[in-house]
Amino acid sequence: MIDQRSPILRLLTLLLATVLGLFFALPMLWLITAPFNERATLSVSIPQPPSLANFEVVFNNQFAIRALFVNNLIIGGGVMVLIAIVATLASYALSRTRVPGSDLLVYILILFSSVVSGTAAMVPLFLLAYRLGLIDTHIGVILIMTGGLLPSAIFIMRDFVSSIPRSYEEAALVCGASPLRVFWDVALPLVRPGVVVVAIWAFVNAWGAFLVPLVLLRSPQNMPASIAFYSFYSEAGTPNLTLVSAYAFLYTVPVLLLYLLINWRFGFRFFGGIKR
Amino acid sequence: MEHKPSIFPARIGILFLLPALFFVAIFLIFPFIWVIIISFTNQTLTGATAANPQFVGLENYARLFDFSRWMRSGEFGASLLITVQFVLGSALIGQAGLGLLIAVLFYRRKGWARRIVTTLAVLAWIIPEVVVAFAWFAYLDRDSGTLNMILSALGLGKPDWLFDYPLLSIIIFNTWRGSAFSMLLFQSALETIPPSYIETADVAGASAWQKFRDILVPLLRGHIATDLILITLWTFNVFTPYLLTGGGPTNRTQLVSIYTYKTAFQFFRFGQGAAIAVVMMFINLTLALIYLSTLRRQRVDA
Amino acid sequence: MHRYKLLVMLAALAIMVLGAAGVGAQDDAVTLTMTCRCVEGGVNSNLVVWLKTYVIPTFEERMAEQGVNVTVELVEFGGSDEQLKQQYALDLGVGAGADLMSFDGFWVPEFVDAGLIQPLEAIAGEIVNEWDGWEHIPEAIQELLSYRGERYGIPVGTDVRVIYYREDVFTEAGIEVPWQPTSWADILETAEQLKEAGVEIPIQLNAGTPMGEATTMQGFFMALLGAGHHLYDFDEEKWIVSSPALLETLRFYEEIYVNRELGDARMQLVEDGRQRSFEAFANGEVGMLVEGDFFWRSPMFELMGVEQRNSLVRFALMPAREPGAGYRGQDYVTISGGTGWILNPNTEHPELAWGLLSHMSDVDAVRAFQLIQPRISFRDDVPVAGDPTMTAMADAALSLSTVRPQLPEYPQISVEVQLMTERVVSGEMSPEEALEAYAEAVTELVGEENVIRIPLE
């Protein structure tokens, strides 16, 4: 199908690839040009000359910078770590022991999570967090977001685990290793690419979260970047595009770097695909 | 699913499951049950029914299905119709279609073209929501947006995207936003297909389309089902279009997720909002069953 | 080994995260907190400047002189009004929240009915009534934060709505300035003249749901009051859901946006339409813009600068449909709203909280605010300072003004009003159809027994 293509087919493929590349790239152009433009508008234009003045203003806004480099890292990191640990353990158990109906169970939990992550559940979640003393704490946001993301994380992760041959683990068990040891020394290294994908996915979700922090957090010093955006709105309550674009740029860079790093180090891909 | 014997005794399995059970019980099932209960009350956040909510039976549900006006702009039926178009267009055709296209286009190829397209698609998927909204606002702006600058340079005029074609705009937007997941899933699924299948077909002189239809699609059936189930559910719940259009103009992009948001957080009618969430959950459950049974039937036919 | 390192890192991160959550400062001083939709350098920046440079330091000083060690913390919230209202309702529902909350007057009834807030007197006691400031706050302004005869807070100011126009645009179109229309027909005629002279958007009268309350206040009420009555019959205590005046109002919208295309309907319907119309006005593309004095004080100030604003922008009063046909038989109409501060009923220091509220409402504090931003104050002993146009607006319009029905259902009915105007200006429904849909929706909201229908013609 691929190896011996006619030149016309190759040209068509290239053309299609270009169109697809442009489809994904064009909407992002503004994010690259506007931050370096001292008077940014909605249009994309090469800044004349490029300027870092916008970033200077943004970096002087301590509230917004703290939101990005402290609060977002705590929330994103916390959710990432919890999801990585909890989902790995759970999906390993679901894949390696016979739990009747576990397929259905995980799907039902995903359905539940779609309800609980929606606006309708925000009042119960607020009251729950209040009873637990978690209002205006990062840990509250982390726990609630973890609960919402967990079913999908397990769902994605379980097939990673299932696609790994069991023969190594079985051999280790036969040699007398304890199940914990087998998990730790044999299985974990094998599923690491899967853990990485799920961890990134969780991080990205928590990094961009808006609704849960809005409902649970109060102090400006605890707010994440999605809410700190409002500090670049004008007196009349409308966005100052110049500063908003610079902040958006800074807000995006960490996710971008993380993805590139992981992709380079481990390869960011689903492992064997997810299937029923 | 294959049924292999357990590697571990059950108690070890439970030990591994404990942390997940903890989260699921407290932060998922508990609030979920709470939502179900609220959906049978007239609970609001302010006003007299905030202090003394009452059980109203199925009233919240009945109101959603009041057929005398449910197709009126801004009502539940109209929102549901918009959402169905949105899911069909952006999830089933857009994301799954584009994801499959990219995966197949670069099947068994490495090279820079694949790397660039894949990276750009993933970027669109992982950029934070608020940022994406600003970027698309700038992209679609009538007078100075990037898209219209290109179109008018090509002599195609300057359509007013968010005003004249709002639903189409958010469908394209959501396709752009979410195709990466399907793409990644199909890419890795394709890698599980033994190369010998394709090579055999090559020898038999099959055309590209035949190979796609007769080899790839049947083998990917399970993956397609999973993909459709997940992206349908996610697309039903997607809220980002609100940042672009606010559900307008004149409610023409009021997805059910936006309808729920307005009911719960603008009118503060939480009982009603909860009922919508429950109805949407059942719609998704039904769709998942349809996907699975369709694909199972095809497997029998094949 | 690789994964041990990974595990240690994960564990360390987890501990950091858990630890970061529980850090809080404790000292012996009393801390009062106050929340507003305000950010220094951003939304309502003037308020922050005033609180930080005047109110908080002077209050802390005053308390220290009395031997009370008080620290006031300002919690700046940058999000939307709607989001702030959500947070308030959630916080008050569980007995939490800041001691002083900035509050839009028309939220008061629904919060009271939910049992979330209480009268000032019930919270802080008799000292509230003993405060000498009350006699300098006109009754009508006190009512902005009152409900059923009880005072729940003190306003920070009030506002009025007028028609803004640019002198240069009018002169160029051959319209004599100063300009003051006396009827809707005058407005339409002027708009036609502007259109002929090539002004892109002759008139903007707010409509549609994206502008939210600005549609109801700056658009709909300004027309409805000129057509003869209010949204609510205060004698019968019922909502007027259908009447010739309501229909006239919608026909006025239809005339402007649909029949004659004198206004830009698109701007009324897209998400950022209000800001776009501000910018278009500042660029001289809009002839007449009906807006509140907020527009003068804030967006125009920001977009045009003081000098250009003062030299180019003029205002006129909104006329009734015909002279004498307005609300209470008036020739000209306007409406006022106002925000203010309420006390959290759960405050641990009710007297101190009241002390802060009354301190920031005394004559010196209000004068200090005028220096930062001249606006219509809530005290009759503090006139607008340093802005003659603002003074003129207040003098001309305040006596004509009325307020929204202070009732818990109002915010929802207001959304129905916005929807009704949206249906007309988008051409989706005729005025008659839109009015009928509105009547149905409001009747469902408040019940058949609480509505009046005045026969149409």
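Residues numbered from 1 in each chain as written. Chains lettered and ligands numbered in written order. Predicted model: local features only at pLDDT ≥ 70, side-chain atom pairs only at ≥ 80, totals over all residues. Heavy atoms only, no water.

### Considerations on the overall build of chain C
For step 1, the next point in the chain: Looking only at helices and strands, chain C features 21 helices and 17 strands.
For step 2, the next point in the chain: Here the C-alpha radius of gyration of chain C, 24 Å, is about what a compact globule of 457 residues would show, namely 23 Å.
For step 3, the next point in the chain: Principal axes of the C-alpha set define a box for chain C whose edges measure 70 × 70 × 55 Å.
For step 4, the next point in the chain: Here the contacts in chain C between residues at least 6 apart in sequence split such that 73% fall between residues at least 24 apart.
For step 5, the next point in the chain: Accessible area of chain C: about 17600 Å², with a carbon and sulfur share of 49%. (Helix = DSSP H or I, 4+ residues; strand = E, 2+ residues; numbered from the N terminus. Rg over C-alpha atoms; globule rule 2.2 N^0.38 Å. Contact = heavy atoms within 4.5 Å. Areas by Shrake-Rupley, 256 points an atom, 1.4 Å probe, with all protein chains shown as cover.)

### So, the side chain of A:Arg158
All names here are of chain A.
For step 1, the next point in the chain: For Arg158, the position within the fold is in helix α7 (residues 138-162).
For step 2, the next point in the chain: Exposure remark for Arg158: the relative accessible area of 3% places this residue in the buried category.
For step 3, the next point in the chain: A polar contact of 2.8 Å, which involves the side chain of Arg158, links it to the side chain of Asp103. (Buried < 20%, exposed > 50% of the residue type's maximum accessible area, 1.4 Å probe, protein only. Polar contact = N/O pair within 3.5 Å; in protein donor to acceptor, adjacent residues only side chain to side chain.)

### A few points about the sheet that holds strand β3 (residues 100-104) of chain C
Residue and element names in this part refer to chain C.
For step 1, the next point in the chain: Pairing within the open sheet is mixed, and its five strands lie in the order β2-β1-β3-β15-β6. Looking at the sheet topology across the chains shown, the edges are occupied by β2 (70-77) and β6 (153-155). The average undirected angle you get between the axes of adjacent strands in this sheet is 25°.
For step 2, the next point in the chain: Bridge count between strand β1 (residues 30-37) and β3: two bridges; the pairing is parallel. Within β3, the position partnered with Thr35 by the bridge is Met101.
For step 3, the next point in the chain: Across the sheet, helix α2 (residues 45-65) touches β1, β2 and β15 (339-343), and the angle it forms with β2 is around 165°. (Pairing = 2+ DSSP bridges. Axes fitted to C-alpha atoms, helices over the stretch in contact; angles between N-to-C directions.)

### What to know about the pairing of β3(C)
All names here are of chain C.
For step 1, the next point in the chain: Of all five residues that make up β3, five are buried, and the element is covered over most of its length.
For step 2, the next point in the chain: Because side chains alternate across β3, one face comprises the buried residues Leu100, Ser102 and Asp104, and the other comprises Met101 and Phe103, equally buried.
For step 3, the next point in the chain: Direction of pairing for β3 relative to β15: antiparallel, over a ladder of five bridges. Note that in β15 the partner of Ser102 across the bridge is Trp341.

### Let's talk about the interface of chain A and chain B
For step 1, the next point in the chain: Facing 97 residues of chain A, the contacting portion of chain B comprises 95 residues.
For step 2, the next point in the chain: For the pair chain A and chain B, the summed buried surface comes to about 9100 Å²; carbon and sulfur atoms form 81% of the total.
For step 3, the next point in the chain: Inspection of the region where chain A meets chain B yields zero salt bridges.
For step 4, the next point in the chain: At the surface where chain A touches chain B, the tally comes to two residue pairs in polar contact (both at pLDDT 80 or more).
For step 5, the next point in the chain: Considering each element in turn, the side of chain A that touches chain B owes the most residues, eleven residues, to α7(A).
For step 6, the next point in the chain: Of the residues that constitute the side of chain A that touches chain B, the class distribution is 70 nonpolar, 16 polar and eleven charged. (Buried area = accessible area lost by both parts, 1.4 Å probe. Salt bridge = Lys/Arg side-chain N within 4 Å of Asp/Glu carboxyl O. Nonpolar A, V, L, I, M, F, W, Y, C, P; charged D, E, K, R; others polar.)

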